[in-house]
Amino acid sequence: QVQLVESGGGLVQAGGSLKLSCAASGIIFRINAMGWYRQAPGKQRELVANTNIGGNTNYADSVKGRFTISRDNAKNTVYLQMNSLKPEDTAVYYCSADLSQNALLGVQRYWGQGTQVTVSS
């Protein structure tokens with residue numbers, strides 16, 4: 001009933017930029033927080049950045065100053081602008097949304113299908 005669709009991944013050279021997008025659709029009452037996680041081969045999924053309904057943002061230390069998360073509440077969409085990309089940024093990037101489907105239900109986390117980002121040296 002809720003779907004998160006990501007786009008914008010791809011192959012880029014070190015120092016380049018990519019912009020990821022994630023749109024949430026379906027039965028949505030309110031989205032509290034949206035974020036981006038990533039998982040490299042053989043590693044655990046880690047938080048990259050998130051933003052809450054008030055617009056506050058949080059970044060992993062490894063991406064501070066290079067990545068920017070933003071959100072369009074009217075479109076239920078979150079973006080991740082990634083600049084000065086490094087080979088160690090290579091991973092599958094997943095979008096997340098903490099949302100409720102009506103005023104009575106609690107908040108649940110939903111995930112996108114993931115989009116591959118590959119940074120070549």
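Residues numbered from 1 in each chain as written. Predicted model: local features only at pLDDT ≥ 70, side-chain atom pairs only at ≥ 80, totals over all residues. Heavy atoms only, no water.

### A few points about the state of the cysteines
Point 1. In total, this model carries one disulfide according to the counting rule given.
Point 2. A sulfur-sulfur separation of 2.1 Å characterises the disulfide bridge that pairs cysteine 22 with cysteine 95. An S-S torsion of about -75° defines the bridge between cysteine 22 and cysteine 95 as left-handed. Note that cysteine 22 is positioned in strand β3 (residues 18-26) and cysteine 95 in strand β9 (residues 91-100), a separation of 73 residues in sequence. Each member of the pair, cysteine 22 as well as cysteine 95, is classed as buried. (Disulfide = S-S within 2.5 Å. Helix = DSSP H or I, 4+ residues; strand = E, 2+ residues; numbered from the N terminus. Buried < 20%, exposed > 50% of the residue type's maximum accessible area, 1.4 Å probe, protein only.)

### Thoughts on the nonpolar core
Point 1. Counting 29 residues, the largest nonpolar core has Trp36, Val48, Phe67, Leu80, Met82 and Tyr93 as its most contacted members.
Point 2. For this core, the secondary structure elements donating two or more residues are β1 (2-7), β3, β4 (30-39), β5 (46-52), β7 (67-72), β8 (77-82), β9 and β11 (115-120).
Point 3. Once you skip the residues sitting within four places of it in the chain, valine 48 turns out to touch Trp36, Tyr37, Arg38, Asn58, Tyr59, Ala60, Val63, Phe67, Leu80 and Tyr93. (Core = buried A, V, L, I, M, F, W, Y, C linked by side-chain atoms within 4.5 Å. Contact = heavy atoms within 4.5 Å.)

### Structural notes on the sheet that holds β7
Point 1. Pairing is antiparallel across the open sheet formed by four strands, whose spatial order is β1-β3-β8-β7. On the outer flanks of this sheet lie β1 and β7, each paired with one strand and no other. Ignoring which end each strand starts from, the neighbouring axes of this sheet average 15° apart.
Point 2. When β3 meets β8, the two strands line up antiparallel, connected through six bridges. By the bridge assignment, alanine 23 is partnered in β8 with threonine 77. (Pairing = 2+ DSSP bridges. Axes fitted to C-alpha atoms, helices over the stretch in contact; angles between N-to-C directions.)

### A few points about the environment of glycine 54
Point 1. Relative to the elements of secondary structure, glycine 54 occurs in the loop between β5 and β6 (57-59).
Point 2. Take glycine 54: its relative accessible area is 61%, and that puts it in the exposed class.
Point 3. In this structure the C-alpha to C-alpha distance between glycine 54 and alanine 33, which are 21 residues apart in sequence, comes to 8.9 Å.

So far we have only geometry, and geometry alone does not tell us how the molecule works.
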